[in-house]
Amino acid sequence: MPKPRTSPYLLLANIGQLLTLRGEAAPRRGAALREIGLVEGAAVVCAGGKILAAGPQREILRGPWLRSNRRKVQELDCRGGVVLPGLIDCHTHPVFAEPRLVDFEKRIAGAGYEEIAAAGGGIRSSVAGVRKAAAGQLSENVLIALNAMLEQGTSVVETKSGYGLTLEDEIKSLEAIRQAARRWPGEVVPTLLAAHVVPQEYAGRADEYVRLVCEEMIPLVARRKLARYVDVFCDRGAFTQEQSEKIMTASQRHGLGTRAHVCQFTPARLGPLLEHRPASLDHMDCVQAEDIALLARGETVAVLLPGANYFLGHKEYPDARRLIDAGAPVALATDYNPGTSPTPSMPFVISLACTHMKMSPAEAIAAATINAACALRLQDRKGSLDAGKDADMAVFDVKDYREIAYWFAWDRCVEMVVAGRPARRT
Ligand SMILES: [Zn+2]
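Keep in mind that this is a model prediction, so the values were computed, not measured. (Residues numbered from 1 in each chain as written. Predicted model: local features only at pLDDT ≥ 70, side-chain atom pairs only at ≥ 80, totals over all residues. Heavy atoms only, no water.)

### With respect to empty space enclosed by the protein
Turning to step 1, where the next piece is worked out: The tally for this structure, following the rule as stated, stands at 1 cavity of 30 Å³ or more.
Turning to step 2, where the next piece is worked out: Put simply, the largest cavity is a space of about 50 Å³.
Turning to step 3, where the next piece is worked out: Every residue along the wall of the largest cavity is listed here: Pro85, Gly86, Ile88, Ser155, Val156, Arg381, Lys382, Gly383, Ser384, Leu385, Asp390 and Asp392.
Turning to step 4, where the next piece is worked out: Among the residues forming the lining of the largest cavity, the class breakdown is 4 nonpolar, 4 polar and 4 charged. (1 Å grid on protein atoms, 1.4 Å probe; cavity = no way out; pocket = protein on both sides within 12 Å on 5 of 7 lines; lining within 4 Å. Points joined across faces, edges and corners; volume = space filled by probe spheres on them. Nonpolar A, V, L, I, M, F, W, Y, C, P; charged D, E, K, R; others polar.)

### Focus on a nonpolar patch on the surface
Turning to step 1, where the next piece is worked out: On the surface, a cluster of nonpolar side chains totalling about 310 Å² of accessible area is made up of Leu101, Phe104 and Ile108.
Turning to step 2, where the next piece is worked out: With respect to the element layout, Leu101 can be found in helix 3 (residues 101-108).
Turning to step 3, where the next piece is worked out: On the basis of relative accessibility, which here comes to 56%, the residue Leu101 falls in the exposed class. (Patch = residues over 30% accessible without salt bridge, like charges linked within 9 Å, V, L, I, M, F, W, Y side chains within 5 Å. Areas by Shrake-Rupley, 256 points an atom, 1.4 Å probe, with all protein chains shown as cover. Salt bridge = Lys/Arg side-chain N within 4 Å of Asp/Glu carboxyl O. Helix = DSSP H or I, 4+ residues; strand = E, 2+ residues; numbered from the N terminus. Buried < 20%, exposed > 50% of the residue type's maximum accessible area, 1.4 Å probe, protein only.)

### Notes on the coordination of the zinc ion
Turning to step 1, where the next piece is worked out: Each protein donor to the zinc ion is listed here as His91 (NE2), His93 (NE2), His261 (NE2) and Asp335 (OD); together their distances run 2.0 to 2.6 Å.
Turning to step 2, where the next piece is worked out: Spacing between the donor residues of the zinc ion along the chain follows H-x1-H-x167-H-x73-D. Of this pair, His93 sits in the loop between strand 6 (87-92) and helix 3 while His261 sits in strand 10 (residues 257-262), placing them 168 residues apart in sequence. The two residues His93 and His261 agree in class, both being buried. (Donors = N, O, S within 2.8 Å, 3.2 Å for Na, K, Ca; no water.)

### Overview of the pairing of strand 11 (residues 280-283)
Turning to step 1, where the next piece is worked out: Pairing geometry for strand 10 and strand 11, over 4 bridges, is parallel. Pairing of Ala260 across the sheet is with Leu281, part of strand 11.
Turning to step 2, where the next piece is worked out: As defined by bridge partners, strand 11 adjoins strand 12 (residues 301-304) across 3 bridges and the pair is classed as parallel. Bridge pairing in strand 12 places Asp282 opposite Val303.
Turning to step 3, where the next piece is worked out: With helix 11 (residues 289-297) bridging strand 11 and its parallel neighbour strand 12, the resulting β-α-β unit is right-handed. (Pairing = 2+ DSSP bridges. Right-handed = clockwise from strand over helix to strand, strands pointing away.)

Dropping the structure here:
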């Protein structure tokens, strides 16, 4: 879809509630997570893709720049709706070929994770699909997901490879992400997740596979600038702590950031991983008390993924309250993937965080904007509406921001602004 020709100057007027999320460009912790910078009756001016000013409409309209440039400024009437920073989905797996419908039905009938894997389902069935698929088809699938995310308020997406698990197929997956990102107005942050699961052909030889990841995949991906981060699945049935650390060390040596899936199924000690200063540790369903204290002292963000708990039918959700109240920085993401969380909707995740994790709507929104920006280390440009930051905003046709969490599974996003231009497909 060609980008529409619009003015580089945009005024968002008649905003009922503006959530600026203004403040220090650092993860919000504890009580600060509830500070969303609410302005009633607001407007925002954007120029050259950046925020020029955001605040009470009366003040914005009197601003000297706007008064002398009003005629060249395009106006977007927000009709009393809610405007907030574009949502940031900081954990997704969009490079796959097919949904896993057989697994879905088996799980409904009572089958467990191991039973599904033994029957040829689980991650390995997505691996077979990706290996067979052409790069063009994978790229189309990624773009479909990115557009669905944009429709529902998301303007930045972290996207992982991880269903290829050979040098060629991981590169193919990252190239599919790059192709899709070129055709999407928002920002895509690509991540190499070659260490998702030990591929079948390396069964019993996990260390050899880790060596391939560290010595061949990471250097090539870094050289070709195909990813900004390297992720590793550190849990039962995936990679050990020691193997995960090797992957983090290799990533850092090649100038790539690190993040990890950890504590989804089994508890792990986070201290050794935190020494590598990963941008985020994700899932954290069974994080231990002493590790929460470590998180509270550092910059690593705990990314919580309640979509997976919902779709797997779990009764337990990550203990967001314990993390937040202890001062650990918390973000939210969809975990969009074909096995455990096939949703592109950040508003749905925000709703789940409220109803199942007892986060307030304000906390959940901060976790899906400024703290999610911190989880991708983009907080200097993204996640809040400060002058000079990227002009990425979502417009919702609701009167009160709490309705974003309230009307669950109802897409109330009516307009997106990305880099200062209206960007929602109609
Ligand atoms: Zn994941």
